Amino acid sequence: MPPYIVRSMSGAADTSALISAAQRAKGGGLSLDLSGTHAIYPNGAVPMATALEYFRQEGLRVAASGLNENVRRTNFLNPLPATRRNLDANPLSNVVWKYSSETQANDLCNAFIRMLEENALCEDGVIESLNWCLFEVLDNVFQHSHADCGYAMMQIHRKNRLCTVAVSDYGIGIHKSFIESQVYSAKNAYEAIMLAVQEKVTSKAKNMGNGLYGLMRVVGLNRGSLQIRSGRGWLEFQDGSLKGDCSYSVPLLDLNDHHGTTVDWQLDLSRPVSLVEALNFPEPNLLLERIEDEAGEHRISVAEFEEGLGTRRSAEQVRTKLVNYLNLGAPRLILDFSGVNVVSSSFADEVLGKLALEMGIVAFINRFNLEGMTPTVTAIVNRAISQRIAEGDLGTPGSSARR
């Protein structure tokens, strides 16, 4: 059999074609030609990797030729287990991750959020909303699918200020989950998806049923996009418009207990979004609670930025994270330098000097409190701020860090 050429990984059509090829090769082997694969996005790479994992378990032998660099970086053929060691040691973006427990799901969620905090400026509420949505969708795999693991990928498109995410599993699918629950009835997979995105509707009688509903609300308020594919059904939500269908031309992983589900969405980082408004009730700011001390202050240990203390690129990520904390609503941040004997001039300039220049010195003093600095660190920081301020007044304090 000639190799199956994977031309792109960019959505439902690519996934369906790969599943069909794998089904034709059952009982034998599937050879993939990945030499020209391009347009690799979470909505294609994740469900395609999930399908290959399932068919391997069913005995399909999968080989690959011409593995190009773009595909290699994604770990498409061997999704990375979301252990803490792997999460710390590997790039987080553009990688297909496999999580096999609620602990790994939580660690993966936190790692994705840290990546976003450090690499993209986000408008009010975006990070908090994405954090909530990620955890809900990742956890759905264990709550509803009967699958023993899930797969996920996140990309940050810095130029367009977009974040794209996909989460997939090879479980029973949304329709079969509702059939098992006997709480709600749906004629087909599309009707089941439509039920799943309604408020307080769930296949688990004791659950609140806000996960996919909340995700769709967040996407709508942000003017992002959302697509849910499960079994033969699909639903797409974009620009306030909802459409979907159930097509028997869509191939299933199998006809029994593996219909599979993929949820992929895109958020505009430049558009604010309120999780409180999306859920219609107050929700605690989990990200700010994470850095809150016993006195209710938002305290950040500079010693935790070990890599950022030396290189300018890492320091830029630290500055982005601090601005995002302010945009989340922190009235001020305490930067605790305890345990830090020295910082590089690059760190002091890239983080504190640039913040003071962009915000204006008065706003900077009001929003940041620097504690625990040694005389050496104090001298380095003061020099960096003084030199940046001497460059000139921007005239628009708060332009990059607003409350």
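Everything discussed here concerns the structure shown above.
What you are looking at is a predicted structure, and each value in this text was computed from that prediction instead of being measured.

Student: Got a minute to help me understand the pairing of strand S12 (residues 241–246) in this structure?
Tutor: Residues in a regular strand project their side chains so that they alternate between the two faces of the sheet. With six bridges joining them, strand S11 (residues 233–238) and S12 adopt antiparallel strand pairing. Within S12, the residue paired with Gly 233 across the bridge is Cys 246. Joining the antiparallel neighbours S11 and S12 is a turn of two residues, in which Asp 239 adopts a positive phi near 55 degrees.

Student: Looking at this structure, I do not really get the sheet that holds strand S13 (residues 261–268). What am I missing?
Tutor: The strands making up a sheet are joined through hydrogen bonds of the backbone, oriented either antiparallel or parallel. Overall, mixed pairing links the eight strands, which are arranged S6-S7-S8-S9-S13-S10-S11-S12 in an open sheet. Only two strands of the sheet have a single partner each, and these edge strands are strand S6 (80–81) and S12. Here two bridges tie S6 to strand S7 (residues 97–99), and the two strands are oriented parallel to one another. Paired with Leu 80 across the strands is Trp 97, a residue of S7. Across the sheet, helix H2 (residues 42–57) touches S7, strand S8 (150–157), strand S9 (162–169), strand S10 (225–230) and S13, and the angle it forms with S9 is around 20 degrees.

Student: Any chance you could explain the nonpolar core here in plain terms?
Tutor: Here is a general trend for soluble globular proteins: nonpolar side chains tend to be buried in one another's company. Grouped together as the largest cluster of nonpolar side chains are 91 residues, with contacts concentrated most on Leu 130 and Trp 265. Ranked by size, the runner-up nonpolar core spans 30 residues in total, among them Leu 32, Leu 60, Phe 76 and Tyr 151.

Student: I tried to follow the pattern of salt bridges on my own but got confused; where do I start?
Tutor: Between side chains of opposite charge, a pair can form when the charged atoms approach closely. Within this structure, the stated rule accounts for 21 salt bridges. Salt-bridge contacts for Asp 336 lead to Arg 299; the nearest nitrogen and oxygen are separated by 3.5 Å. Here the residue Asp 336 occupies a position in strand S15 (residues 333–336), and Arg 299 occupies one in strand S14 (residues 299–301), the gap between them amounting to 37 residues. One salt bridge in this structure joins Arg 388 and Asp 349, with 2.6 Å as the shortest N-O distance. Residue Arg 388 is found in helix H15 (residues 375–390), and its partner Asp 349 is found in helix H13 (residues 345–359); the two are separated by 39 residues along the sequence. For the pair Arg 388 and Asp 349, a shared accessibility class is recorded, and that class is buried.

Student: Teacher, can you tell me more about helix H7 (residues 174–181) here?
Tutor: In an α-helix, one full turn covers 3.6 residues, which means residues spaced three or four apart are oriented alike. Listing the buried residues of H7 in full gives Ile 174, His 175, Ser 177 and Phe 178. Mapping the buried residues of H7 onto a view down its axis gives an arc of 165 degrees, with all of them on the same face. Where H7 is buried, its residues touch helix H6 (126–144), helix H8 (189–196), helix H9 (211–222), S10 and S13.

Student: Got a minute to help me understand unusual backbone geometry in this structure?
Tutor: Residues apart from glycine generally show negative phi values, whereas peptide bonds are mostly found in trans. The residue Ala 39 is not glycine, and still its phi comes out positive at about 50 degrees. The topology assignment puts Ala 39 in strand S4 (residues 38–40).

Student: Whenever I open this one, a nonpolar patch on the surface confuses me. Can you help?
Tutor: Together, Ile 361, Val 362, Ile 365 and Ile 389 give the surface a local cluster of nonpolar side chains, amounting to about 350 Å² of exposed area. It is helix H14 (residues 361–367) that contributes the most residues to the nonpolar patch, three residues altogether. Relative to the helices and strands, Ile 389 is located in helix H15.

Student: How do you make sense of the packing of helix H5 (residues 102–119) against helix H12 (residues 312–327) when you look at a structure like this?
Tutor: Angle between the axes and distance between the axes are the two parameters that describe a pair of packed helices. Packing of H5 against H12 brings their axes to within 6 Å, and their N-to-C directions diverge by 100 degrees. One way to sum up the angle between H5 and H12 is to call them roughly perpendicular. Counted together, Leu 116, Glu 117, Glu 118 and Asn 119 of H5 and Arg 313, Gln 317, Thr 320, Lys 321, Asn 324 and Tyr 325 of H12 form the full contact between these two elements. Class assignment for the residues of the contact of H5 with H12 results in two nonpolar, four polar and four charged.

Student: Explain the environment of Leu 32 here, please?
Tutor: With respect to the helices, strands and loops of the structure, Leu 32 is situated in strand S3 (residues 29–33). Sequence separation between Leu 32 and Ala 384 is 352 residues; the distance between their C-alpha atoms is 54 Å. Not counting chain neighbours up to four residues away, the residues in contact with Leu 32 comprise Tyr 4, Val 6, Leu 18, Leu 52, Val 62, Ala 63, Ala 64, Ser 65, Phe 76 and Leu 77.

Student: When you look at the packing of aromatic side chains in this model, what are you seeing that I'm missing?
Tutor: Given two aromatic rings, one states the distance between the centres and the angle between the planes to describe the pair. Tallied over the entire structure, the rule returns five aromatic pairs. Here the aromatic rings of Tyr 151 and Tyr 170 are separated by 6.2 Å at their centres, their planes lie at 45 degrees, and the arrangement is tilted. Separated by 19 residues along the polypeptide, Tyr 151 in strand S8 and Tyr 170 in the loop between S9 and H7 bring together distant segments of the chain. With relative accessibility at 0%, the residue Tyr 151 sits in the buried group. With a relative accessible area of 4%, Tyr 170 lands in the buried category. One aromatic cluster in this structure is built from Tyr 54, Phe 55, Tyr 151 and Tyr 170.

Rules behind the numbers
- Residues numbered from 1 in each chain as written.
- Predicted model: local features only at pLDDT ≥ 70, side-chain atom pairs only at ≥ 80, totals over all residues.
- Heavy atoms only, no water.
- Pairing = 2+ DSSP bridges.
- Helix = DSSP H or I, 4+ residues; strand = E, 2+ residues; numbered from the N terminus.
- Contact = heavy atoms within 4.5 Å.
- Axes fitted to C-alpha atoms, helices over the stretch in contact; angles between N-to-C directions.
- Core = buried A, V, L, I, M, F, W, Y, C linked by side-chain atoms within 4.5 Å.
- Buried < 20%, exposed > 50% of the residue type's maximum accessible area, 1.4 Å probe, protein only.
- Salt bridge = Lys/Arg side-chain N within 4 Å of Asp/Glu carboxyl O.
- Arc of directions from axis to C-beta.
- Patch = residues over 30% accessible without salt bridge, like charges linked within 9 Å, V, L, I, M, F, W, Y side chains within 5 Å.
- Areas by Shrake-Rupley, 256 points an atom, 1.4 Å probe, with all protein chains shown as cover.
- Parallel < 35°, antiparallel > 145°, perpendicular 65-115°, else oblique.
- Nonpolar A, V, L, I, M, F, W, Y, C, P; charged D, E, K, R; others polar.
- Phe/Tyr/Trp six-rings, centres within 6.5 Å; stacked < 30°, edge-to-face > 60°.

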